[in-house]
Every structure is written in structure tokens, then in C-alpha cells.
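If you want the building blocks of each chain, they are given just below.
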Amino acid sequence: VKQTFSFRQVTRAYSNMSGDGVAQFNLSPTSFLKIQKGDITRWLIDGSSDAIVNPANERMLGGGGADGAIHRAAGPELKTACYDVPEVRPGVRCPTGEARITPGFKLPASHVIHTVGPVYDVDSNAPASLSNAYRNSLRVARENNIQYVAFPAISCGVYGYPFDEAATVAISTIKEHCDAIKEVHFVLFSDDIYNVWLKKAGKRVGDF
Ligand code: AR6
């Protein structure tokens, strides 16, 4: 089905459908991309085969931003589960671009997929690292029969990735690697990022 949305049309469609405040796009005949504003620690969809993605660091024992909020909402068992993830080298449980999974404990989501995006100013191939983080998170979801996945804007906080460039990588990668995932959600904390993501989804997904 050929659907073409301008940004204005997307936002209008969004406000027309805004019962639940979620903008929806077809990624494929069997997968949806859903974009909403909000706090990812409160994301609740299915209860059995769902995961939120944590934008963590390589040590994978918590931090600030969404990582801190996710650890607070999950409770201390999450940190214990993270300690149990083996180090691949001293101090590194999850290298940049890779992903690891734990239970969600007190979170509404049943699982947390921890991934590490690039530090924008330090990583010499930031787009590849960011794409790997999305791709490997989806792969880990698939390997664990998880069909509903919620992402924040990985690397767009402490790690300093420009929103527009991050949205291009995020949405293209998800479009390419969404097989077997029923719904990929973005739960975005700020108006700025939400608007950039909506616009990019209209261009990259809405008009396929
Ligand atoms: N729900 C959804 N999005 C959120 C939430 C939330 N509750 N809280 C923040 N965000 P960041 P990064 C947004 O900094 O850039 C940590 O210390 C935030 O506004 O959480 O990948 C880790 O331990 C931003 O748009 O992750 C690492 O050391 C986005 O989530 C480092 O930060 C990502 O911002 C990772 O940095």
C-alpha cells in the first residue's frame, strides 16, 4: 500500500487519532512502528513478551538519564541481574553497539534489553555504532520471542548525538530489521525529539 504523508499530514493524523496519543506507521505487512511522547519506564503493552530498551553504558551497572530512571523503576534486583552478565573485558559487560537482556523486575515491561550507543564526539563511526545498537537490540528481542519493543532515543542525551541524524539511523535500521517483531515503539521524552522522529518516520516509513 502506497502511503505518503507530509509532516503536516502526519501530525494532523496524529492529532486526529490522538485517543491514545500514538502515531502509527506500517513497517511491513506484519510490523508497526509507533511513536509517542512519554516516560519509557511506564510503557505497558503486553505483559508477557515485551521489552524496553535501556540506553546504558559499557559497564552496564546503571547511570543517569533513562538508564537511571529504568534502574529506579525496576528496583535493585535489576542491578544484581546486571552484575551477573559476564564481563567481556574488565569493566565491560556490553560493548558499544551490542545488546544484553535481563528481566524487567518491577517495571511494567517483562524484559529490559540493555544496549550501548556511541558517544557522538568520541566514536569515529557513530552512525554504524548507533545502527548496531538498534539492530542488535531487535536481534536479542527476536531470540527471546519478544514481539513488542520500546526504544528511547539512544545516544540523544548524555552521549550527545544530534537528533536529526540519530532519527535517520534509528528509523532506517528499524525498518530494515523488524522481522518477527510485531510492534516497535519509540517512547520519547521531549517535544523536540518527538517532532524530529515523527517527521523522519513520515519520510522514511510513511512513503514506502
Ligand atoms: N523515558 C524515555 N526517555 C528518556 C527518559 C525516560 N524515562 N529519561 C531520559 N530519556 P540518555 P544516552 C531520554 O542520556 O545519550 C546514562 O548515564 C533523554 O531525554 O538517557 O544513550 C547511561 O548510563 C534522551 O533523549 O542516554 C550512559 O552512561 C534519551 O532518553 C549514558 O547516559 C537518551 O538519553 C547514555 O547516554
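Because the structure is a prediction, the values reported are computed rather than measured.

Rules behind the numbers
Residues numbered from 1 in each chain as written. Predicted model: local features only at pLDDT ≥ 70, side-chain atom pairs only at ≥ 80, totals over all residues. Near = placed C-beta within 6 Å. Helix = DSSP H or I, 4+ residues; strand = E, 2+ residues; numbered from the N terminus. Nonpolar A, V, L, I, M, F, W, Y, C, P; charged D, E, K, R; others polar. Pairing = 2+ DSSP bridges. Axes fitted to C-alpha atoms, helices over the stretch in contact; angles between N-to-C directions. Contact = placed C-beta atoms within 7 Å. Expected span 1.5 Å × (residues − 1). Buried ≥ 20, exposed ≤ 12 C-beta atoms within 10 Å, placed from the backbone. Parallel < 35°, antiparallel > 145°, perpendicular 65-115°, else oblique. Left-handed = near helix turned anticlockwise from the far one by under 90°. Core = buried A, V, L, I, M, F, W, Y, C linked by C-beta atoms within 7 Å. pLDDT = per-residue confidence, 0-100.

## A look at the site of the ligand
- Among the 25 residues in the neighbourhood of the ligand, the closest are listed as P55, N57, G63, G65 and G157.
- If one sorts the elements of the shell around the ligand by residue count, helix α2 (residues 65-74) sits on top with four residues.
- Partitioning the shell around the ligand into residue classes produces 14 nonpolar, nine polar and two charged.

## Topic: the sheet that holds strand β4 (residues 99-103)
- The seven strands lie next to each other as β1-β2-β7-β6-β3-β5-β4, forming an open sheet whose pairing is mixed. Of all strands in the sheet, those bounded by a partner on one side alone are β1 (23-28) and β4. When the angles between neighbouring strand axes are averaged without regard to direction, this sheet yields 25 degrees.
- Across five bridges, β4 lies against strand β5 (residues 111-115) in antiparallel orientation. Each bridged residue has a counterpart across the sheet, and for I101 the counterpart in β5 is I113.
- Along the sheet, helix α4 (residues 126-143) makes contact with β3 (50-55), β4, β5 and β6 (148-151), crossing β5 at roughly 150 degrees.

## Overview of helix α6 (residues 191-204)
- Helix length check: α6 (14 residues) gives 20 Å between terminal C-alpha atoms against 20 Å at 1.5 Å per residue, within 8%.
- Burial in α6 covers these residues: I193, Y194, V196, W197, L198, K200, A201 and G202.

## Some thoughts on the packing of α4 against helix α5 (residues 163-176)
- In the contact formed by α4 and α5, the axes pass within 9 Å of each other and the chain directions differ by 40 degrees. As the angle between them shows, α4 and α5 are arranged oblique. For the crossing formed where α4 meets α5, the hand is right-handed. In contact with P127, L130, S131, Y134 and R135 of α4, α5 contributes A166, V169, A170, T173 and I174.
- Counted by class, the contact of α4 with α5 contains seven nonpolar, two polar and one charged residues.

## Here we look at the nonpolar core
- With 61 residues, the main nonpolar core has A51, I52, V112, V149 and W197 as its most contacted residues.
- Ranked by residue count, the leading element in this core is α4, at seven residues.
- Discounting chain neighbours no more than four positions away, the residues touching V112 are A51, I52, N54, I70, A74, L78, T102, G104 and L107.

## Points about the confidence of the model for the chain
- Averaged over every residue, the pLDDT of the chain is 90; the share at 70 or more is 88%.
- With pLDDT under 50 throughout, residues 1-19 is counted as low confidence; its partners more than four residues away or in other chains account for 19 contacts.
- Both scores are available for the predicted complex, with the pTM at 0.92 and the ipTM at 0.99.

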